[in-house]
Structures are given as C-alpha cells and as structure tokens.
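Descriptive structure summary
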Amino acid sequence: MPPSLTLFHSLLLFSTAFIAGGLNAVAGGGSFITFPTLVLIPLGGIIADRTNRHRILTIA
C-alpha cells in the first residue's frame, strides 16, 4: 500500500469495486461509482483518470 493509503481508503476502494462489479454485471456503468471514489482518495486526479481509462480500454 502507498503510504498515503490508509485502511479506511482500502476498505472504501474494496467496497466500491464490489458494488461497481455488481452494477457492471447487471447494467454496466460501474465507472460512475469507481471514478469519483478514485478521485476522493489522496492519490490524485490524474492517477484516477488513468486507472479508469485503463480499465475501460482493457474491457472493451
């Protein structure tokens, strides 16, 4: 874990990924949940954007 990533942030990311995975399985659009969460954790908006873009490109 990066030093700025706390246990709270890790649990938030895990639960968000779980919910977004269920949403993607049913209707798609999990990025509407994961991207804002990635922006909120203290890793930066650019990393959040690139992580989200990588996920979209690898699925498509």
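Structural data are supplied above this passage.
We now turn to the structure provided with this report. (Residues numbered from 1 in each chain as written. Predicted model: local features only at pLDDT ≥ 70, side-chain atom pairs only at ≥ 80, totals over all residues. Heavy atoms only, no water.)

With 20 residues, helix α1 (residues 7-26) extends 29 Å between its outermost C-alpha atoms, agreeing within 8% with the 28 Å of an ideal straight helix rising 1.5 Å per residue. Among all positions in α1, only His 9, Thr 16 and Ala 20 are buried. End-on view of α1: buried residues confined to an arc of 35 degrees, all on one side of the axis. For α1, exposure combined with an orientation more than 90 degrees from the buried face picks out Leu 7, Leu 11, Phe 14, Phe 18, Ala 25 and Val 26. If you follow the buried residues of α1, they end up packed against α2 (31-40). Positioned one or two residues after α1, Gly 28 has a phi angle of 80 degrees, which is positive. (Helix = DSSP H or I, 4+ residues; strand = E, 2+ residues; numbered from the N terminus. Expected span 1.5 Å × (residues − 1). Buried < 20%, exposed > 50% of the residue type's maximum accessible area, 1.4 Å probe, protein only. Arc of directions from axis to C-beta. Contact = heavy atoms within 4.5 Å.)

For Pro 36, the position within the fold is in helix α2. Placed 20 residues apart in sequence, Pro 36 and Thr 16 show a C-alpha to C-alpha distance of 10.0 Å.

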